[in-house]
Amino acid sequence: DPPGGAAPGPGLSVGARRAGGAGPHSRRHALVLSTVEGLAPGEAVVLVANHAPRPVLAEIADRFGGQVRAEWLQSGPEVWQVRLERLAEPA
């Protein structure tokens, strides 16, 4: 079982640990970006996807620069998880 005891959902999800996030590609990316934007320094969320979420991670890097640290927790083959932490100071 994945952490949190919930089965992975379709698409991309983000939450304190995980939350539902199925829907159109642009909506999923908007959800991830708005969630990261709402994090206070030191807070983190785990992004859960059914594919390597490199495109949205690139969007996060472009938008937030060194203000967000990404830590890969799981790299497939069925579920990818990346912890996204808002940093107090840009890295």
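Residues numbered from 1 in each chain as written. Predicted model: local features only at pLDDT ≥ 70, side-chain atom pairs only at ≥ 80, totals over all residues. Heavy atoms only, no water.

### Describing the overall build of the chain
- Across its full length, the chain holds two helices and four strands.
- The linear arrangement of helices and strands in the chain, starting from the amino end, is β-α-β-α-β-β.
- The proportion of buried residues among the 91 residues of the chain is 37%.
- Contacts in the chain between residues at least 24 apart in sequence constitute 57% of all its contacts with a sequence separation of at least 6. (Helix = DSSP H or I, 4+ residues; strand = E, 2+ residues; numbered from the N terminus. Buried < 20%, exposed > 50% of the residue type's maximum accessible area, 1.4 Å probe, protein only. Contact = heavy atoms within 4.5 Å.)

### A look at the pattern of salt bridges
- What the rule picks out here adds up to three salt bridges.
- Its salt-bridge partner being Glu37, residue Arg63 comes within 3.1 Å of it at the nearest N-O pair. Here Arg63, found in helix α2 (residues 54-64), pairs with Glu37, found in helix α1 (residues 25-37); they are 26 residues apart in sequence, far enough to count as distant.
- Accessibility expressed as a relative area gives 45% for Arg63, which makes it partly exposed.
- Residues participating in the shared-partner salt-bridge network are Arg69, Arg83 and Glu85. (Salt bridge = Lys/Arg side-chain N within 4 Å of Asp/Glu carboxyl O.)

### Looking at the pairing of strand β4 (residues 80-86)
- The buried fraction of β4 amounts to six of the seven residues, a majority that puts the element mostly inside the structure.
- Strand direction decides the pairing type here: strand β2 (residues 44-49) and β4, joined by six bridges, are antiparallel. Note on β4: the bridge partner recorded for Val46 is Arg83.
- Between the end of strand β3 (residues 68-75) and the start of β4, which pair antiparallel, lie four residues, with Gly76 showing a positive phi angle near 70 degrees. (Pairing = 2+ DSSP bridges.)

### As for unusual backbone geometry
- Going from Gly76 to Pro77, the amide bond is cis rather than trans, its omega being 10 degrees.
- One can find Pro77 in the loop between β3 and β4.

### Some details on the pairing of β3
- By the bridge criterion, seven bridges tie β3 to β4 in an arrangement that is antiparallel. Counted as the bridge partner of Trp72 is Val82 from β4.

### Considering α2
- Within α2, burial applies to Val56, Leu57, Ile60 and Phe64. All buried residues of α2 fall inside an arc of 105 degrees around its axis, so they share one side. Those residues of α2 that are exposed and aimed more than 90 degrees away from the buried face are Arg54 and Asp62.
- Residue Gly65 follows α2 closely and has a positive phi angle near 55 degrees. (Arc of directions from axis to C-beta.)

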